[in-house]
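The lines below spell out each chain.
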Amino acid sequence: MPIDFYNKLHKAKDVYTFRDFILLPGLSKIEPEDVSLSSNFSTDIKLNVPLVSSPMDTVTESEMAISMAREGGLGIIHRNMSIDKQVEEVKKVKRAESFIIKNLVTASPDLLISEATKIMSKHNVSGLPIVKSKKLVGLLTKRDVKFSDIDSKVSNLMTKTVVTASESVSIDEAKRIMHKNRVEKLPVVNNGNELIGLITVKDIYSREKYSLASRDDEGRLLVGASVSPFDLKRAKELDKYVDVIVSDVAHFHNENILKAANKISQEISSNFVVGNLGTEASVEDVIHRIDKFDGIRAGVGSGSICITSEVTKAGSPTLFAVSQIASKLQEHNLSKPIIADGGIRSSGDAALAFAIGASSVMMGNVFAGCNESPGNLIKIGGKYYKQYRGMGSDSARAQNYIIDRYSKKGKTISEGVEGVVPSRGNISELVKDFVGGLQASFGYAGAKNIKTLWQTSSLGQITGVGSDELKPHNIILPGEDKY
Ligand code: XMP
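Model, not experiment: these values are computed from the prediction. (Residues numbered from 1 in each chain as written. Predicted model: local features only at pLDDT ≥ 70, side-chain atom pairs only at ≥ 80, totals over all residues. Heavy atoms only, no water.)

**Things to note about the overall build of the chain**
In step 1: In terms of helices and strands, the chain carries 19 helices and 20 strands.
In step 2: For the chain, whose C-alpha radius of gyration is 25 Å, the value lies close to the compact-globule estimate of 23 Å for 483 residues.
In step 3: On the principal axes, the C-alpha backbone points of the chain span a range of 90 × 50 × 50 Å.
In step 4: Evaluated residue by residue, the chain yields a buried proportion of 49% over its 483 residues. (Helix = DSSP H or I, 4+ residues; strand = E, 2+ residues; numbered from the N terminus. Rg over C-alpha atoms; globule rule 2.2 N^0.38 Å. Buried < 20%, exposed > 50% of the residue type's maximum accessible area, 1.4 Å probe, protein only.)

Now the structure itself:
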């Protein structure tokens, strides 16, 4: 059979990226503020704000994940660390808030005040329920122990008549009880006065302040964690605590990876997101070979720190990848959420990804400059920056946890770069700007939510020259000297 080299080139697919398109304005009956952006990240994870921070070691650890979830999005804890450390980062997010805190740190009435104080500082809590034979017998707070005799017994200083609530207490009822009795901590007990949990004023305030937050049934913040498909042990450990496990390899469409990922899909109970994928054929194989998956990361080689396409000339730009995956899923009548991952610089890019079939967008570069990302601010020439690096960069790979992102044994070439990005302040401001920009895009397109945008929006294709005209021009901007 002769090989058709001519058509391989001349019938090559048109592969587009964000800068090639614009969203065409449509007849609009809605105002931007009426647009709802709520969408699914995975089968069971619904977000009010469909923005997700990448599992990268200069982007998402617990601090970022807590802020992302509070703002209605989601953070995926990176895997460039030991299993224990990653589990601990996940636990920090889960402990950050909840309506009724379970798994409490408690103390016995027979302890000394010095011992109880040590427990409070070790676990960073401001009070301890005092328990004897599982029953609640008192409450000790930092305030009770101030200037006290540290050799005295807890039973001498604790509050003995404790106001409590029953297991079925609602938030409003809890607020009423706390207000009436002027207390900031409300232990929850069962019929036998056994301690079940604790409600705190701090958690109730937080719930009201972050009304769009992504939370589980117990009011705890949602969090994801990334794994290598070859690391079943890590996936099983994380599965005990996390809400979603996200596969983290550059090229998921690989025999060994499909096999290994299928094993993970069979052994975990959390949602499982596969990826990264970029072609219709890869989706076909995932559908047939992975028993259970709850979402797909789309995009190969488009990230701002990627040199994959430069080094290998292989890749599937995110917008193209999303359209390939969306059309293949539709052919199979499957509604799995697609996560557009890599190359998104602005809310406008995100809007294009949504128009083409994405349900959420994952960003590294955009979030790396925020205060909540790992690492300190770096001052260069009077301006502030933060470090940002690809997980395939030499320095990230030097930790040895991430080398299988690019092949089972670890490739020898680097597929990412490292550098700095401008400091961007707090996540909350950035998310607000993104949400505002997205709502405005949806307003232009005349779509009140993501599903309507999928159905009714149309795109316009632009040339490189045209795309230049869409930027500010013929004006001297502060800091630039070109006209
Ligand atoms: P942005 O454009 O938001 O992209 O910075 C983040 C996404 O890029 C992927 N990623 C990499 N891809 N080499 C790659 O080819 C790398 O070193 C690398 N590190 C991260 C990843 O999908 C991330 O979410």
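**Topic: the sheet that holds strand β8 (residues 165-166)**
Backbone-to-backbone hydrogen bonds join strands into a sheet, with any given pair of strands oriented parallel or antiparallel.
In step 1: Spatially, the three strands line up as an open sheet ordered β8-β9-β10, and their pairing is mixed. Here the strands that pair on one side only, and so sit at the sheet edges, are β8 and β10 (195-200).
In step 2: As paired strands, β8 and strand β9 (residues 185-189) are joined by two bridges and run parallel to one another. Residue pairing across strands places Ser166 opposite Val189, the latter belonging to β9.
In step 3: Strands β8, β9 and β10 of the sheet are contacted by helix α7 (residues 171-181), whose axis makes an angle of about 125 degrees with β9. (Pairing = 2+ DSSP bridges. Contact = heavy atoms within 4.5 Å. Axes fitted to C-alpha atoms, helices over the stretch in contact; angles between N-to-C directions.)

**Considerations on the site of the ligand**
In step 1: In the vicinity of the ligand, 25 residues are found, and the nearest of them are Cys306, Thr308, Asp341, Tyr388 and Gly392.
In step 2: Within the side chain of Thr308, an N or O atom sits 2.5 Å from an oxygen atom of the ligand.
In step 3: A distance of 2.6 Å separates an oxygen atom of the ligand from a polar side-chain atom of Tyr388.
In step 4: In isolation the ligand offers 520 Å² of accessible surface; the protein chains occlude 98% of this area.
In step 5: Broken down by class, the residue content of the shell around the ligand amounts to eight nonpolar, 13 polar and four charged. (Near = heavy atom within 4 Å. Polar contact = N/O pair within 3.5 Å; in protein donor to acceptor, adjacent residues only side chain to side chain. Areas by Shrake-Rupley, 256 points an atom, 1.4 Å probe, with all protein chains shown as cover. Nonpolar A, V, L, I, M, F, W, Y, C, P; charged D, E, K, R; others polar.)

**Examining the packing of aromatic side chains**
In step 1: Summed over the entire model, instances satisfying the criterion amount to two aromatic pairs.
In step 2: Judged by centre distance (4.9 Å) and plane angle (80 degrees), the rings of Tyr16 and Phe21 are edge-to-face.
In step 3: Classification of Phe21 as buried rests on a relative accessible area of 15%.
In step 4: A ring pair is formed by Phe354 and Phe442, whose centres lie 6.4 Å apart and whose planes are at 70 degrees; its orientation type is edge-to-face. One end of the pair, Phe354, is in helix α14 (residues 347-355); the other, Phe442, is in helix α17 (residues 427-445), and 88 residues separate them in sequence. Grouping residues by exposure puts Phe354 and Phe442 together as buried.
In step 5: Across from the ring centre of Phe293, 4.8 Å away, lies the NZ or CZ of Lys336, which sits over that ring. (Phe/Tyr/Trp six-rings, centres within 6.5 Å; stacked < 30°, edge-to-face > 60°. Lys NZ or Arg CZ within 6 Å of the ring centre and 35° of its normal.)

**Concerning the sheet that holds strand β14 (residues 295-298)**
In step 1: In space, the eight strands of this closed barrel follow the order β4-β5-β11-β12-β13-β14-β15-β16, with parallel pairing throughout. The average undirected angle you get between the axes of adjacent strands in this sheet is 25 degrees.
In step 2: Where strand β4 (residues 51-53) and strand β16 (residues 360-363) come together, three bridges link them in parallel fashion. Along β16, the bridge assignment pairs Ser53 with Met363.

**Some words on the nonpolar core**
A general tendency of soluble globular proteins is for nonpolar side chains to be buried together.
In step 1: Grouped together as the largest cluster of nonpolar side chains are 86 residues, with contacts concentrated most on Leu51, Phe252, Phe354, Val361, Phe367 and Phe442.
In step 2: Of the residues forming this core, the biggest block, eight residues, is contributed by α17. (Core = buried A, V, L, I, M, F, W, Y, C linked by side-chain atoms within 4.5 Å.)

**Notes on the packing of helix α2 (residues 62-70) against helix α3 (residues 83-96)**
In step 1: Running from amino to carboxyl end, α2 crosses α3 at an angle of 35 degrees, the nearest separation of the two axes being 9 Å. Regarding α2 and α3, the two cross each other, and that crossing is right-handed. Here α2 contributes Ser62, Ala65, Ile66 and Arg70 to the contact with α3, which in turn contributes Glu89, Lys92, Val93 and Ala96.
In step 2: For the contact of α2 with α3, a count of residues per class yields four nonpolar, one polar and three charged. (Left-handed = near helix turned anticlockwise from the far one by under 90°.)

**Overview of a nonpolar patch on the surface**
In step 1: Where nonpolar side chains cluster on the molecular surface, the patch consists of Ile378, Ile380 and Val420 and spans about 220 Å² of accessible area.
In step 2: With respect to the secondary-structure elements, Ile378 resides in strand β17 (residues 378-380).
In step 3: Classification of Ile378 by relative accessible area gives partly exposed; the value is 31%. (Patch = residues over 30% accessible without salt bridge, like charges linked within 9 Å, V, L, I, M, F, W, Y side chains within 5 Å. Salt bridge = Lys/Arg side-chain N within 4 Å of Asp/Glu carboxyl O.)

**With respect to helix α8 (residues 201-209)**
In step 1: Along α8, the positions that sit buried rather than exposed are Val201, Asp203, Ile204 and Ser206.
In step 2: In this structure, the buried side of α8 is in contact with α2, α3, α7 and β10.

**Some thoughts on the environment of Gly197**
In step 1: Here Gly197 lies in strand β10.
In step 2: Residue Gly197 is classed as buried on the basis of its relative accessible area of 0%.
In step 3: For the pair formed by Gly197 and Ile100, sequence separation is 97 residues and the distance between their alpha carbons is 5.7 Å.
In step 4: Apart from the residues lying within four places of it in its own chain, the contact partners of Gly197 are Ile100, Ile101, Leu104, Leu186, Pro187 and Val188.

**Thoughts on the state of the cysteines**
In step 1: For the structure shown, the criterion picks out zero disulfides.
In step 2: Cysteine Cys370 shares no disulfide, and the gap to the nearest cysteine sulfur, in Cys306, comes to 19 Å. (Disulfide = S-S within 2.5 Å.)

**Considering unusual backbone geometry**
In step 1: Cis geometry is adopted by the peptide bond preceding Asn276, which originates at Gly275 and carries an omega value of 5 degrees.
In step 2: Examined against the element boundaries, Asn276 turns out to sit in strand β13 (residues 271-277).
In step 3: In the Ramachandran plot, Arg182 falls in the positive-phi region, its phi being about 50 degrees despite a non-glycine side chain.
In step 4: Among the structural elements, Arg182 can be located in the loop between α7 and β9.

Such coordinate-based values are descriptive only and should not be taken to indicate function.
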